[in-house]
Amino acid sequence: GETGTGKEIIARAIHFNSPDAAEPFVGINCTALPETLLESELFGHVRGSFTGAVGDRKGRFEIAGSGTIFLDEIGDTSLAFQAKLLRVLQEREFYPVGSDTPKRTEARVTAATHRDIEELVEQNRFREDLYFRLKVVEIVVPPLRERRGDIPILADHLLGKIARETHKDVHVIPDDVMSRLMEYSWPGNVRELENVIERGVVLSTGEVFDEDLLPPAVREPRTPLAHPPAMPSNGLSFKEAVASYERELITQALKNAGGVQKRAADILQVKPTTLHEMMKRLGVTAQA
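Analysis parameters
Residues numbered from 1 in each chain as written. Predicted model: local features only at pLDDT ≥ 70, side-chain atom pairs only at ≥ 80, totals over all residues. Heavy atoms only, no water. Patch = residues over 30% accessible without salt bridge, like charges linked within 9 Å, V, L, I, M, F, W, Y side chains within 5 Å. Areas by Shrake-Rupley, 256 points an atom, 1.4 Å probe, with all protein chains shown as cover. Salt bridge = Lys/Arg side-chain N within 4 Å of Asp/Glu carboxyl O. Lys, Arg positive; Asp, Glu negative; His and termini not counted. Charge placed at Lys NZ, Arg CZ, Asp CG, Glu CD. Helix = DSSP H or I, 4+ residues; strand = E, 2+ residues; numbered from the N terminus. Buried < 20%, exposed > 50% of the residue type's maximum accessible area, 1.4 Å probe, protein only. Pairing = 2+ DSSP bridges. Arc of directions from axis to C-beta. Axes fitted to C-alpha atoms, helices over the stretch in contact; angles between N-to-C directions. Polar contact = N/O pair within 3.5 Å; in protein donor to acceptor, adjacent residues only side chain to side chain. Contact = heavy atoms within 4.5 Å.

Draft legend 1. Examining a negative patch on the surface more closely. On the surface, a cluster of negative charge is contributed by Asp175, Asp176, Asp210 and Asp212. Within the secondary structure, Asp212 is located in the loop between α9 (189–203) and α10 (216–219). For Asp212, a relative accessible area of 56% corresponds to the exposed category.

If you want it as structure tokens, here you go:
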């Protein structure tokens, strides 16, 4: 999935809903360290193995035990590192840097990337054998612009979370503000949404998340929908209200596109397949 879509959150959810939830969840960003330090971080090292190694140190695999180790941005690693990781996955053992004695690991490995791994394999920049070893269960996380129905749920969750963390009393997102959030394309995905909510909470002086707390790019989005419908407030449940709003957005986009679904998908900035699935789920027809 794209950067900021919440891949690590999904990895944590998998871990905390597993039989090994009591074991550690250990994450590492593979791009945050040079290759030599990355190897030491994951596999550990023994005293004297390199300059500055004044004592033995456990690596992330050993710390994880039978829990989960999360390798973020695996697509940016070198071929040399990939070869060492492949051996760990195949043999369930690793060598700390500078040691001749292998150690066992029972950790579950989850990996994430924003890159097209199959394209990297074709370019000989990612090992095909490692790709297939990792690709036991693949989860594709769509960008936020392709799952706009999640925005109200995420925004309310983030508002409550950030308000508690910052000890602020803001707890209401009005319909007009939610409409702005629904219209915006969110190039930074969930991470950007969280930043926008945090900004508003920090700047707020009351209980309501006013529209002027939104950044200019979100407050005045470049959207082809000239008159987006208002969030319904006619006694519907939250889930029904979100579905109704989605239905209105799709209906208006189809109208603007002359009933052509591909054009409507472009207007809504979603894939045609995503629009088709949403129409089917919401009971919207191209003649609407």
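Now that the structure is up, let's keep going.
Draft legend 2. Spotlight on a nonpolar patch on the surface. Together, Ile14, Val136, Val137 and Ile139 line one region of the surface with nonpolar side chains, adding up to about 400 Å² of accessible area. With respect to the helices and strands, the residue Ile14 is situated in helix α1 (residues 7–16).

Draft legend 3. Quick peek at the pairing of strand β2 (residues 68–72). Burial runs high along β2: five of the five residues are buried. Across the two faces of β2 the burial is the same, with Thr68, Phe70 and Asp72 and Ile69 and Leu71 all buried. Here strand β1 (residues 25–29) runs beside β2; their pairing, made up of five bridges, is parallel. Looking at β2, one finds that Ile28 is bridged to Leu71. Judged from the five bridges that link them, β2 and strand β5 (residues 108–112) form a sheet pairing that is parallel. For Ile69, the partnering residue across the bridge sits in β5 and is Val109.

Draft legend 4. Region of the structure containing helix α13 (residues 272–282). Along α13, the residues that are buried comprise Thr274, Leu275, Met278, Met279 and Leu282. Viewed end-on, α13 has its buried residues packed into an arc of 135 degrees, placing them on one side of the element. Residues of α13 that are exposed and angled more than 90 degrees away from the buried face: Thr273, Glu277, Lys280 and Arg281. Two residues or fewer past α13, Gly283 is found with a positive phi of approximately 75 degrees.

Draft legend 5. Broad picture of the pattern of salt bridges. Enumeration according to the criterion identifies 18 salt bridges in this entry. When the shortest N-O distance is used, the salt bridge between Glu106 and Arg104 registers 3.8 Å. The two residues Glu106 and Arg104 agree in class, both being exposed. Ionic pairing is found between Glu165 and Lys161, a salt bridge with its closest N-O pair at 3.5 Å. Taken together, the positions of Glu165 and Lys161, both in helix α7 (residues 151–166) and four residues apart, correspond to about one turn of that helix.

Draft legend 6. The arrangement of the sheet that holds β5 in detail. Ordered by their spatial adjacency, three strands build an open sheet running β1-β2-β5, and the pairing between neighbours is parallel. Edge strands, defined here as strands with exactly one partner in the open sheet, are β1 and β5. Averaged over all pairs of adjacent strands, the angle between their axes in this sheet comes to 15 degrees, without regard to strand direction.

Draft legend 7. Summary view of the side chain of Thr5. Inspection of the secondary structure puts Thr5 in the segment before α1. Within polar-contact distance, the side chain of Thr5 engages the backbone oxygen of Glu2 at 2.8 Å. Discounting chain neighbours no more than four positions away, the residues touching Thr5 are Val141, Pro142, Pro143, Arg147, Asn189 and Val190.

Draft legend 8. Main features of the environment of Leu275. Assignment of secondary structure puts Leu275 in helix α13. According to the relative accessible area criterion, Leu275 is buried, its value standing at 0%. Dropping the residues within four chain positions of it, Leu275 is found in contact with Ile250, Gln261, Ala264, Ala265, Leu268 and Val270.

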